[in-house]
Amino acid sequence: MSDIAKPKSVAFYEPEYGGVHNVYVAGDTLYMSAYNAGFRTFDISGELRGDLRAQQREMVHVNTADMDGFVKNAAMTWGVVVRNGLAYVNDMYNGLWIVRMDPKPEPKKNAIVP
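Residues numbered from 1 in each chain as written. Predicted model: local features only at pLDDT ≥ 70, side-chain atom pairs only at ≥ 80, totals over all residues. Heavy atoms only, no water.

Student: Pulling in residues and values, what's your account of the overall build of the protein?
Tutor: In terms of regular secondary structure, the protein is built from zero helices and nine strands. Going from the N terminus to the C terminus, the protein shows its helices and strands as β-β-β-β-β-β-β-β-β. Considering only C-alpha atoms, the protein reaches an extent of 50 × 45 × 25 Å along its principal axes. Classification of the 114 residues of the protein by burial places 32% in the buried group. In the protein, which carries 12 positive and 13 negative side-chain charges, the distance between the mean positions of the two groups comes to 6 Å. (Helix = DSSP H or I, 4+ residues; strand = E, 2+ residues; numbered from the N terminus. Buried < 20%, exposed > 50% of the residue type's maximum accessible area, 1.4 Å probe, protein only. Lys, Arg positive; Asp, Glu negative; His and termini not counted. Charge placed at Lys NZ, Arg CZ, Asp CG, Glu CD.)

Student: So what about the side chain of T41? Which residues, and what values?
Tutor: With respect to the element layout, T41 can be found in strand β4 (residues 39-43). On the basis of relative accessibility, which here comes to 0%, the residue T41 falls in the buried class. Here T41 is in contact with T29, L30, Y31, R57, E58, M59, V60 and M101, once residues within four sequence places are set aside. (Contact = heavy atoms within 4.5 Å.)

Student: An account of the packing of aromatic side chains is requested, with residue identities and associated values reported.
Tutor: Under the definition given, this model contains three aromatic pairs. Here the aromatic rings of Y24 and Y31 are separated by 6.4 Å at their centres, their planes lie at 65°, and the arrangement is edge-to-face. Its relative accessible area of 30% is what places Y24 among the partly exposed residues. (Phe/Tyr/Trp six-rings, centres within 6.5 Å; stacked < 30°, edge-to-face > 60°.)

Student: Any details on the sheet that holds strand β3 (residues 29-33)? Residues and values, ideally.
Tutor: Each strand in a sheet pairs with another by means of backbone hydrogen bonds, the pair being arranged parallel or else antiparallel. With antiparallel pairing, four strands are arranged side by side in an open sheet as β2-β3-β4-β6. Every other strand in the sheet has two partners, leaving β2 (23-26) and β6 (58-62) as the edge strands with one partner each. The average undirected angle you get between the axes of adjacent strands in this sheet is 15°. Of the pairings in the sheet, the one linking β4 to β6 comprises four bridges and is antiparallel in character. Across the sheet, residue F39 finds its bridge partner in β6, namely V62. (Pairing = 2+ DSSP bridges. Axes fitted to C-alpha atoms, helices over the stretch in contact; angles between N-to-C directions.)

Student: Residues and numbers for the environment of M76, please.
Tutor: Structurally, M76 can be placed in the loop between β6 and β7 (77-83). Separated by 15 residues in sequence, M76 and D91 place their C-alpha atoms 5.2 Å apart. Filtering out sequence-adjacent residues up to four positions away, M76 remains in contact with Y35, N36, T64, N90, D91, M92 and Y93.

Written out as structure tokens, the structure is:
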């Protein structure tokens, strides 16, 4: 945010199943707990232009529903904390999930195409 007195919307995400509870940003990655939609991450690097899904910026989606959960086959993802390359995702129905993501590949510089 460049001007805290006049915030400007640059991007959004509308979950398909319910709302969003917690959002965590580390570097150029947004980590999200999306209640019934599970855990999601988005690339927020570069210029943001509205709908993150339409821009195909979603990097990871983990459905935290579990057939052996407190509520069978239902997700209730509540929070996410990122530390040392791991995302700790808590689900009220299905416990703690630990997600490791491979780092984004570096863009190729000065690549020569034969």
